[in-house]
Amino acid sequence: MNYDAENLTDFAQEVVDRGDLPLLGRDPHRTYHLGIMGGTFDPIHNGHLVAAEQAFDDLDLDLVVFMPAGRPAFKQDKQVSSGEDRYAMTLLATSDNPHFLASRFEIDRGGITYTADTLQLLRKLYPDNVKFYFITGADAVAEIMAWKNAEKVASLATLVAATRPGYDLEHARKTLKKSSVSFDVRYLTVPALAISSSYLRDRVSVGQSLRYLTPDTVTGYIHKHKLYGVHSSRYGSLREE
Ligand code: DND
């Protein structure tokens, strides 16, 4: 597989033209390792960033692409911030790290964004010497058999399962062992960051600080765009009260 336009769907071609994804794989004599950090990122926080950085180091990845989900599969019954807001926060949080990128790949795709579809489209985009590493929390890995086309996910990417505080890795290991699908999984022990997006949203809604939980640029965006019921105008206001 190469970058021949005939191999790409119209959507994927547009993505390449826009420069939304890194052009990896040009040297046929080497293997490239592309990390994909998928998430709802509502909002993105330091737990996500630390897990991705640890994956980058431990697995010798070339880059990590953060991919906010357009319409997340498991959150259809929940209220989720707009894709544009979640993408903007992801862009702000990753912009100072030279090996992190934020991508609109899932945001701009219509319909529910299933990981198997994303990986399949990426496989069409990249030559075979680019290997995919889908970075996810160990808790998500334990649920992976409930994902759409889990066997396709298994065939297209190595799973990188990052521990979350209080999470027993044995549970994820046992669940995957019992399944009929064979996953290539790398387990990562990341520094214990007991942070979650819902914890951040709850803090914002009662006027508590997000300092050291997410980059200050993300906090600024939350305040300026009045997300999560923010009721302080410490960061200025774009609109009249
Ligand atoms: P979340 O909604 O859990 O994202 O989605 C994670 C990924 O799984 C997304 O790419 C989804 O599209 C995909 N997914 C989920 C369900 C079904 C399907 C696909 C399907 O195709 O059928 P969050 O924003 O909540 O979190 C992002 C990642 O970061 C997660 O893997 C989460 O476990 C992890 N994480 C932490 N890791 C380490 N320390 C912390 C963390 N907090 C969240 N403190």
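Structure first, text after, so check above.
The paragraphs below set out a description of the structure included in this document.

1. Here's the deal with the sheet that holds strand 2 (residues 63-68)
- A sheet is described by the order of its strands in space; here 6 strands give the open sequence 3-2-1-4-5-6, paired in parallel fashion. One side of each edge strand has no neighbouring strand; the edge strands of this open sheet are strand 3 (100-102) and strand 6 (185-188). Each strand of the sheet is rotated relative to its neighbour by a mean of 25°, with strand direction disregarded.
- Pairing of strand 2 with strand 3 involves 3 bridges; the strand directions are parallel. Among the inter-strand pairings, Phe66 is bridged to a residue of strand 3, identified as Ala102.
- Contacting strand 1 (32-39), strand 2, strand 3, strand 4 (130-137), strand 5 (158-162) and strand 6, helix 2 (residues 46-58) runs over the sheet at an angle of about 165° to strand 1.

2. What about unusual backbone geometry?
- Look at the link from Asp42 to Pro43: it is a cis peptide, with omega at 0°.
- Relative to the elements of secondary structure, Pro43 occurs in the loop between strand 1 and helix 2.
- Backbone geometry places Phe41, a non-glycine residue, at a positive phi of 55°.
- With respect to the element layout, Phe41 can be found in the loop between strand 1 and helix 2.
- Positioned with a positive phi, Asn149 is a non-glycine residue whose angle comes to about 50°.
- For Asn149, the location among the structural elements is in the loop between helix 5 (138-142) and helix 6 (150-156).

3. Quick look at the site of the ligand
- Near the ligand there are 28 residues, and of these Gly38, Gly39, Gly47, Gly137 and Trp147 occur at the shortest range.
- If you tally residues by element for the shell around the ligand, the top one is helix 2, at 3 residues.
- For the shell around the ligand, the residue count by class is 14 nonpolar, 11 polar and 3 charged.

4. Comments concerning the pairing of strand 2
- A large share of strand 2 lies buried, amounting to 5 of its 6 residues.
- Both strand 1 and strand 2 contribute to a ladder of 6 bridges, which runs parallel. Among the inter-strand pairings, Gly39 is bridged to a residue of strand 2, identified as Pro68.
- Note on the crossover from strand 2 through helix 3 (residues 83-94) to strand 3: the handedness is right-handed.

About the thresholds
Residues numbered from 1 in each chain as written. Predicted model: local features only at pLDDT ≥ 70, side-chain atom pairs only at ≥ 80, totals over all residues. Pairing = 2+ DSSP bridges. Helix = DSSP H or I, 4+ residues; strand = E, 2+ residues; numbered from the N terminus. Axes fitted to C-alpha atoms, helices over the stretch in contact; angles between N-to-C directions. Contact = placed C-beta atoms within 7 Å. Near = placed C-beta within 6 Å. Nonpolar A, V, L, I, M, F, W, Y, C, P; charged D, E, K, R; others polar. Buried ≥ 20, exposed ≤ 12 C-beta atoms within 10 Å, placed from the backbone. Right-handed = clockwise from strand over helix to strand, strands pointing away.

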